[in-house]
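Residues per chain, in single letters:
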Amino acid sequence: MTHPEPLLHLPPLREVIAAHGLSASKALGQNFILDEQLLGRIAKVPGSLKGERVYEVGPGPGGLTRALLRAGAEVVAVERDRRCLVPLGALCEASGGRLRVIEGDALEIDEATRIGPAHIVANLPYNVGTALLVRWLGGEAWPPWWRSLTLMFQLEVAERIVAAPNSGAYGRLAVLAQWRSAARIAMKVHRSAFVPPPKVMSAVVHITPAPAPDGVAPAMMERLTAAAFGQRRKMLRRSLQPVPGALDALARLGIDSARRAETLAVSDFIAIARLLGSA
Ligand code: SAM
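Caption draft 1: Expanded view of the packing of aromatic side chains. Per the stated rule, a full pass over the model turns up four aromatic pairs. A ring pair is formed by Tyr55 and Trp145, whose centres lie 6.1 Å apart and whose planes are at 55°; its orientation type is tilted. In this pair, Tyr55 is assigned in strand S2 (residues 53-57) and Trp145 in the loop between helix H6 (126-137) and strand S6 (146-154), connecting sequence segments 90 residues apart. We classify Tyr55 as buried; its relative accessible area is 0%. Measuring from ring centre to ring centre gives 5.9 Å for Tyr170 and Phe229, while their planes differ by 85°; the resulting arrangement is edge-to-face. Placement of Tyr170 in the loop between helix H7 (155-162) and helix H8 (172-178) and of Phe229 in helix H9 (residues 218-230) is noted, with a sequence separation of 59 residues between them. Of the two residues, Tyr170 and Phe229, neither departs from the other in class, the shared state being buried. The structure contains a cluster of three or more aromatic residues connected by ring pairs, namely Tyr170, Phe229 and Phe269. Cation over ring: Arg180 sits above Trp142, and NZ or CZ is 3.8 Å from the ring centre.

Caption draft 2: Examining the layout of surface pockets more closely. Approximately 440 Å³ is the volume attributed to the largest pocket. If you trace the largest pocket, you find 30 residues lining it, with Leu28, Gly58, Glu79, Asn123 and Pro125 closest to the centre. The greatest single-element share of the lining of the largest pocket, amounting to three residues, is contributed by H6. Across the lining of the largest pocket, the residue classes tally to 17 nonpolar, nine polar and four charged. Of the pockets and cavities examined, the second largest pocket occupies roughly 280 Å³. The wall of the second largest pocket is formed by 14 residues, among which Lys26, Asn31, Tyr126, Pro198 and Lys199 lie closest to the centre. Taken together, the residues of the lining of the second largest pocket sort by class into six nonpolar, six polar and two charged.

Caption draft 3: Representation of helix H3 (residues 63-70) within the structure. When you tally the buried positions in H3, you get seven out of eight residues, the bulk of the element. One or two steps after H3, the chain reaches Gly72, where phi turns positive at roughly 95°.

Caption draft 4: Here's a closer look at the sheet that holds strand S9 (residues 202-209). Judged by pairing direction, the sheet is mixed, and its seven strands sit side by side in the order S4-S3-S2-S5-S6-S9-S7 without closing on themselves. Each edge of the sheet is formed by a strand with only one pairing partner; in this case those strands are strand S4 (99-103) and strand S7 (181-189). Pairwise comparison of adjacent strand axes, ignoring direction, gives a mean angle of 20° for this sheet. Where S2 meets strand S5 (residues 118-123), two bridges bridge the pair, whose relative direction is parallel. Following the sheet pairing, Val54 is matched in S5 by His119. Docked against the sheet, helix H2 (residues 36-44) engages S6, S7 and S9, running at close to 170° with respect to S7.

Caption draft 5: Representation of the packing of H2 against H3 in the model. Two numbers describe how H2 lies on H3: the axes approach to 8 Å, and their chain directions differ by 55°. Comparing their axes, H3 and H2 come out oblique. Note that H2 runs across H3; the crossing there is right-handed. Residues Glu36, Leu39, Gly40, Ile42 and Ala43 of H2 form the contact with H3, whose participating residues are Gly63, Leu64, Arg66, Ala67, Leu68 and Arg70.

Caption draft 6: Expanded view of the packing of H9 against helix H12 (residues 266-276). Where H9 meets H12, the closest approach of the two axes is 9 Å, and the angle between their N-to-C directions is 120°. Taken as axis vectors, H9 and H12 run oblique relative to one another. Regarding H9 and H12, the two cross each other, and that crossing is right-handed. Here Met220, Met221, Leu224, Thr225, Ala228 and Phe229 of H9 come into contact with H12, specifically with Phe269, Ile270, Ile272, Ala273 and Leu276.

Caption draft 7: Examining empty space enclosed by the protein more closely. Applying the stated rule across the entire model yields two cavities of 30 Å³ or more. By volume, the largest cavity is sized at about 40 Å³. What lines the largest cavity is Val134, Leu137, Gly138, Leu176, Trp179, Arg180, Pro218, Met221 and Glu222. Put simply, the parts of the chain that give the lining of the largest cavity at least two residues each are H6 and H9. Here the lining of the largest cavity takes three residues from H9, the largest share from any one element. When residues of the lining of the largest cavity are assigned to domains, at least three map to each of domain 1 (5-209) and domain 2 (218-276). A volume near 30 Å³ is recorded for the second largest cavity.

Conventions used here
- Residues numbered from 1 in each chain as written.
- Predicted model: local features only at pLDDT ≥ 70, side-chain atom pairs only at ≥ 80, totals over all residues.
- Heavy atoms only, no water.
- Phe/Tyr/Trp six-rings, centres within 6.5 Å; stacked < 30°, edge-to-face > 60°.
- Helix = DSSP H or I, 4+ residues; strand = E, 2+ residues; numbered from the N terminus.
- Buried < 20%, exposed > 50% of the residue type's maximum accessible area, 1.4 Å probe, protein only.
- Lys NZ or Arg CZ within 6 Å of the ring centre and 35° of its normal.
- 1 Å grid on protein atoms, 1.4 Å probe; cavity = no way out; pocket = protein on both sides within 12 Å on 5 of 7 lines; lining within 4 Å.
- Points joined across faces, edges and corners; volume = space filled by probe spheres on them.
- Nonpolar A, V, L, I, M, F, W, Y, C, P; charged D, E, K, R; others polar.
- Pairing = 2+ DSSP bridges.
- Axes fitted to C-alpha atoms, helices over the stretch in contact; angles between N-to-C directions.
- Contact = heavy atoms within 4.5 Å.
- Parallel < 35°, antiparallel > 145°, perpendicular 65-115°, else oblique.
- Left-handed = near helix turned anticlockwise from the far one by under 90°.
- Domains from an automatic or database assignment.

This is the structure in structure tokens:
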């Protein structure tokens, strides 16, 4: 039997929300998805999850969690809203031991030790989504502890993650998401799919780690992109001035210092960071 029976006989999410008084909190970025078909499609984005460990941030009433469990995953979920713990407890029982819920703040949890190797799948609270993404993409250890990221963002943020050079959306997030990872928009999600509907459209982004280029320090990549895109309208000779050695590196690579950061390919940032080492 692929699925334990109880997971197929759960009350509708709308009833769970009403029964536990889960009125959506704006402060916690709560926009719930109740459409179980859509949730099933999101759970398929990382590929087969049968027997795989999944880390879910913000399960809320547990809609995506159900879909992940039905896909055969073993789920560790971190939720900040105590009101959700009772309905999630019921889901733990129905899961036959495949769901563990941690009450806490995803920004503070020590993931490498408490979660371990896992796919991350989350309908992220928008107010902490970018901070979590930057943390997951950063760090010295590569490949990272996570195996893939399947994350819901506002469409505008998703477009910044996958953006190509010479576009308004291209910036620090694109370079950080692409220099040692592959990022794509897996699906767009209409605002009406959420309760309550947010003002903007959303999209699911799928990111997998790629081999890290040799001789590039992650901290240098972050420093370089922060300087370059911190003043994106300025020429590189101005914006990169505070990074020691950066202007020399441009000259050695034959990159015109009158260009602006948004015209540089990800491979250009890699080449500059490599020349700068870990200084
Ligand atoms: N996964 C549910 C769904 O798809 O319907 C809920 C998604 S809702 C957009 C975001 C969830 O993240 C909420 O349940 C909220 O309480 C939770 N949350 C907000 N900030 C959090 C944080 N710092 N750490 C953990 N969970 C958080």
